[in-house]
Amino acid sequence: MKTNNEIETIANSVLSKYVKKGGVHKVFQEIMHSEKIKYKEVNSENTDFVGALTKNKDQAYIFVNKDIDNIGRKHFTIAHELGHYFLSHNLHSNLGFCTNSDIAEEEHQKNPIEREANYFASCLLMPKEKVKTAFLSILENRSRKRIKDFLLVKNDYTFGVWLSIKNDLTKRYGVSETALRFRLKQLKLADFQFEK
Ligand SMILES: [Zn+2]
C-alpha cells in the first residue's frame, strides 16, 4: 500500500524523465517503448474489458479495448495501466484485466490496487503544479479577476467560466471532463453545484 504522496512522487519522476512540454498523453508511445512494454489495442467480446497490464516471461504488455471511443477515457486507461507498471503491482500473471468499474476517473474505487492506479493516472495526466497554474491563469483572464482562487460552479456566469476552463484543459491534457472535474476537486480548485 502506498500513500497518495508516494504515488504522486512516482508519477512526477516518470514525468520529469519523459515529458519536456505538453501533456503526457503525447509521449505514451515513447514511455512504453523505452520501458519495453508492448502496446496493443484489441477487440474483445467482453464489454467489461477495458485494459490490462500483463507479463509473459520478461515481456510486459498493455492491452486496451479497441472499442473505447472517448479519447480521454483511452488516455486514462493507458495511464492507469502504466500505474500498475510503475507502482510495481504484482497482479496479472494470469489473464486478469481491469474492468470499467476498476478504471474509475472519479476514484469511487474500493480495491486498493485499482485505487492506486487511478490516483497515479490522475497525477500523471494532470500534474498538480501545472494544472494549478493553468487553471488559475484561465480563471483570472476569463472572470476578469472577479473570481480569485476557487471556482464554485453554481450559476450561468460561473458555468460560462467553467466552459472556458474545461475546453482548454481537457484538450491540453487529453482527458475527459469527468477526469478533469475530479482532479480539480481533489486539488481544491473547483466544485460543482450546477449542471446544464
Ligand atoms: Zn487496474
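The structure displayed is predicted, hence computed values, not measured ones. For every chain, the first residue of the written sequence is number 1, and numbering continues from 1 along that sequence. At least 70 in pLDDT is required for a residue's local features to be given in this predicted model, at least 80 for side-chain atom pairs to be given and counted, and no such filter applies to totals for whole chains, interfaces and linings, which use all residues. Each side-chain value is derived from all of the structure's non-hydrogen atoms; neither hydrogens nor water enter the calculation.

**Regarding the pairing of strand 2 (residues 49-56)**
Formally: Residue exposure (1.4 Å probe, protein chains only): buried if accessible area is under 20% of the type maximum, exposed if over 50%, otherwise partly exposed. Only runs of H or I of at least four residues qualify as helices and only runs of E of at least two qualify as strands under DSSP, and these elements are numbered from the N terminus. Following DSSP output, two strands are said to pair if at least two bridges run between them.
When you tally the buried positions in strand 2, you get six out of eight residues, the bulk of the element. Across two bridges, strand 2 lies against strand 4 (residues 98-99) in antiparallel orientation. Looking across to strand 4, one finds that F49 is bridged to T99. With six bridges joining them, strand 2 and strand 3 (residues 59-65) adopt antiparallel strand pairing. Paired with A52 across the two strands is F63, which belongs to strand 3. What sits between the antiparallel neighbours strand 2 and strand 3 is a turn of two residues, in which K57 has the positive phi angle 55 degrees.

**Observations concerning the nonpolar core**
As a rule of thumb, nonpolar side chains are buried together in soluble globular proteins. Here is the rule we go by: Buried residues of nine kinds, namely Ala, Val, Leu, Ile, Met, Phe, Trp, Tyr and Cys, make up a nonpolar core once their side-chain atoms join them within 4.5 Å. In this document the domain limits rely on a domain assignment from an automatic tool or a database. Contacts are assigned to residue pairs with any non-hydrogen atoms lying within 4.5 Å of each other.
L82, L124 and L151 are the most contacted members of the largest nonpolar core, which totals 57 residues. Both of domain 1 (4-125) and domain 2 (128-192) provide at least three residues apiece to this core. Setting aside its immediate chain neighbours within four residues, L82 contacts F28, I31, M32, I37, I62, F120 and L124.

**A word on the domain arrangement of the chain**
How we decide: Simply put, the buried area is the total loss of 1.4 Å probe accessible area from both parts when two parts are fitted together. Salt bridges are defined by distance alone: a side-chain nitrogen of Lys or Arg within 4 Å of a carboxyl oxygen of Asp or Glu.
Parsing the chain into structural domains produces domain 1 (4-125) and domain 2 (128-192). For domain 1 versus domain 2, the separation of C-alpha centres amounts to 25 Å. Contacts between the two partners involve 16 residues from domain 1 and, on the opposite side, 13 residues from domain 2. For the pair domain 1 and domain 2, the two sides together bury roughly 1,200 Å², of which 49% comes from carbon and sulfur. In this structure, the connection of domain 1 to domain 2 is made through two salt bridges.

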